[in-house]
Each structure stands twice: as structure tokens, then as C-alpha cells.
Amino acid sequence: MKRPLPDAVMAATGVAVWLSACGLLTWVVRAYDGAIVHSAAYFWAYGGAILLFGLCSDHYADEVRPDQTPRWVGALLLLLGTWVLYYQIDHRAFVGWRYDLYLWWLALGLLPLGTVCLYQNSRFRRPQPPRRPRSSLYNASVSLLLCFAPLLAATPLYLAVLRPVTVDAITPIGEAEGGRFIGHVPGDPAAHPLGLYFFADDDRWYYYDVRDGAPVAYRDPFDPT
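Note that this is a predicted model, so its numbers are computed, not measured.

**Observations concerning the side chain of Thr 155**
Line of reasoning, step 1. Relative to the assigned elements, Thr 155 resides in helix H5 (residues 136-162).
Line of reasoning, step 2. A distance of 2.9 Å separates a polar atom in the side chain of Thr 155 from the backbone oxygen of Leu 151.

**Comments concerning the nonpolar core**
Line of reasoning, step 1. Among the nonpolar cores identified, the biggest contains 42 residues, and Tyr 32, Ile 36, Phe 43, Phe 148, Tyr 158 and Tyr 197 are the most heavily contacted of them.
Line of reasoning, step 2. Those elements that provide at least two residues to this core are helix H1 (7-31), helix H2 (41-56), helix H4 (101-120), H5, strand S2 (196-201) and strand S3 (204-209).
Line of reasoning, step 3. In this structure Tyr 32 touches Trp 27, Leu 159, Pro 164, Val 165, Thr 166, Val 167 and Tyr 197, once residues within four positions along its chain are discounted.
Line of reasoning, step 4. The next biggest cluster of nonpolar side chains, apart from the first, holds five residues, and it includes Leu 196, Phe 198, Ala 200 and Val 216.

**Examining the state of the cysteines**
Line of reasoning, step 1. Counted under the stated rule, the structure contains zero disulfides.
Line of reasoning, step 2. Not part of a disulfide, Cys 22 finds its nearest cysteine sulfur in Cys 147, a span of 8.3 Å.

**So, the environment of Tyr 206**
Line of reasoning, step 1. Looking at where Tyr 206 falls in the secondary structure, it is placed in strand S3.
Line of reasoning, step 2. With 25 residues separating them in the primary sequence, Tyr 206 and Phe 181 have C-alpha atoms 9.3 Å apart.

**Here's the deal with the packing of aromatic side chains**
Line of reasoning, step 1. Tallying each qualifying case throughout the model produces 15 aromatic pairs.
Line of reasoning, step 2. Relative to Phe 148, the ring of Phe 43 lies with its centre 6.4 Å away and its plane at 75 degrees, an arrangement referred to as edge-to-face. Highlighted residues: Phe 43 in helix H2 and Phe 148 in helix H5, separated in sequence by 105 residues. The same class applies to Phe 43 as to Phe 148, namely buried.
Line of reasoning, step 3. Aromatic side chains Tyr 102 and Trp 105 sit 6.5 Å apart centroid to centroid with 65 degrees between the ring planes, which places their arrangement in the edge-to-face category. Placement of the pair is Tyr 102 and Trp 105 together in helix H4, with a separation of three residues, close to one helical turn. Note on accessibility: Tyr 102 and Trp 105 belong to one class, buried.
Line of reasoning, step 4. Members of the aromatic cluster, each reached through a chain of ring pairs, are Tyr 42, Phe 43, Tyr 46, Tyr 102, Trp 105 and Phe 148.

What counts and how
- As a convention, each chain's residues are numbered from 1 in the sequence order in which they are written.
- Where totals are concerned, whole chains, interfaces and linings use all residues; where local detail is concerned, this predicted model gives features only for residues with pLDDT of at least 70, and gives and counts side-chain atom pairs only at 80 or more.
- Note that water and hydrogens are dropped before the side-chain values are worked out from all heavy atoms of the structure.
- Under the scheme used here, helices are H or I runs from DSSP no shorter than 4 residues and strands are E runs no shorter than 2 residues, and both carry numbers assigned from the N terminus.
- Throughout this description, a polar contact denotes any pair of N or O atoms lying within 3.5 Å of each other; where both atoms belong to protein, one of them has to be capable of donating a hydrogen while the other can accept it, and for residues adjacent in sequence the pair is counted only when both atoms sit in side chains.
- Within this scheme, the nonpolar core is defined by two criteria: the residues are buried Ala, Val, Leu, Ile, Met, Phe, Trp, Tyr or Cys, and they are joined through side-chain atoms within 4.5 Å.
- With a 1.4 Å probe rolled over the protein chains alone, any residue whose accessible area is under 20% of its type maximum counts as buried; one over 50% counts as exposed, and the rest are partly exposed.
- Any pair of residues with heavy atoms lying within 4.5 Å of one another is described as a contacting pair.
- Any two cysteine sulfur atoms lying within 2.5 Å of each other are counted as a disulfide.
- Pairing of aromatic side chains requires ring centres within 6.5 Å, counting the rings of Phe and Tyr and the six-membered ring of Trp. Pairs whose planes differ by under 30 degrees are stacked, by over 60 edge-to-face, and all others tilted.

Any functional reading would require information beyond the geometric quantities listed.
Quick look at the structure:
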């Protein structure tokens with residue numbers, strides 16, 4: 001029987017992936033001023049909750065089936081799925097779905113899970129010998145890997161494919177040369193799905209598309225003149 005990795009190795013791997021994914025996401029929030037992701041706090045808290053439950057939960061009892069999934073894992077996964085669905089509906093992200101990093105993350109996460117499910121229910125599956133019960137810390141580490149490894153892969157892939165422009169890469173020129181960065185504004189979601197960077201120079205306002213950094217003529221909805 002193939003021996004599973006020790007709990008310490010799995011925990012270290014899961015924590016490393018969690019910290020790397022959340023650290024990269026935090027940088028994206030700051031570099032793009034929330035244009036791509038508004039906050040990474042949820043992922044920091046979610047990963048911490050998984051790890052905390054794994055450390056505090058008891059090991060499997062002898063009468064529990066080794067392949068039985070702990071209830072708290074299902075609850076956390078349900079919480080994550082519900083939050084993502086709420087986010088999509090609340091922000092109407094389906095208008096510019098290919099610019100939504102969360103959908104990239106879900107796609108990369110569901111692809112391997114779907115492959116495993118298809119294999120387990122296929123006629124090509126080889127019978128597996130009974131495995132020993134694994135500790136809750138081991139299962140929590142697996143949950144960290146399943147949740148944050150796709151996020152760690154999706155974030156650089158998203159940036160490499162779409163190539164959005166960071167705030168620091170915007171250099172106002174001409175009349176806007178003295179402009180200073182004010183913040184990110186949503187703009188027209190159909191024309192600018194990632195929104196606009198807002199620069200101001202006294203009473204003059206300048207806008208740049210987050211996708212390519214191009215100047216945009218944007219009319220203030222509160223002052224149409």
C-alpha cells in the first residue's frame with residue numbers, strides 16, 4: 001500500500017500555496033487599485049479558517065469510514081461557492097466574464113475536480129485498496145491545495161493573457177502631465193470592463209483604460225457639462 005505524505009509535509013505545502021496565492025492576490029489589489037479584484041481579505045480569512053479547523057478538529061474515530069468527508073469541509077466549500085455566486089450576481093460580472101479573475105479561478109479549479117469525478121465513475125477505474133483514516137490536519141491541507149492552487153495558477157495566467165496596465169505604468173503626458181492619480185472608477189462596463197484610472201490636475205480630469213492604458217474621454221455623470 002502506498003503510504004500518504006506525512007501530515008507535516010502536506011500542511012507545509014498547503015500553507016505555502018495559500019500564502020503564495022493570497023500574497024499575489026494582495027499585490028494585484030494594490031497594483032491595479034481594485035480594478036481586477038476588490039479585496040483579498042476573504043481568501044486570507046477562508047484559508048485561515050480551513051487551517052484552524054484542521055488544527056482544532058479531532059482525528060477520525062475508528063468507526064468512521066476512511067473515505068468519509070468531514071462535515072466542516074463541505075460547509076466551507078458551500079460557503080465559498082455561495083459567496084462566489086453572490087459576487088457574480090451582485091456585480092453583474094457576466095457582462096465581461098472573461099475579465100473576471102474569479103471565473104478563471106473556478107474554471108481551473110473545476111477542471112481537475114471534474115476529471116477526477118469522471119475517472120471515479122468510469123469503467124477504466126482501477127480498484128483501490130482500503131486506505132487508512134487520515135487526520136483532520138491532512139484533510140485540511142488537501143482542502144487548501146484544492147482551493148488555492150487553482151488561484152495561484154489562474155492569477156499569473158490572467159495577467160499574462162489579458163495584460164492589464166498597472167497604476168504605476170500610467171504616465172500622463174501632454175496637458176495631463178501634471179496629473180496625479182486619484183483612484184479607480186468603474187466607467188462604462190460595456191466599453192471598459194475593467195474600469196478606468198482617474199487622474200486629476202486641478203480642475204482638469206483625465207481617464208485611462210485599465211486594459212491598455214489608453215486615454216479615454218469620460219464624462220462625469222454628476223457634471224455632464
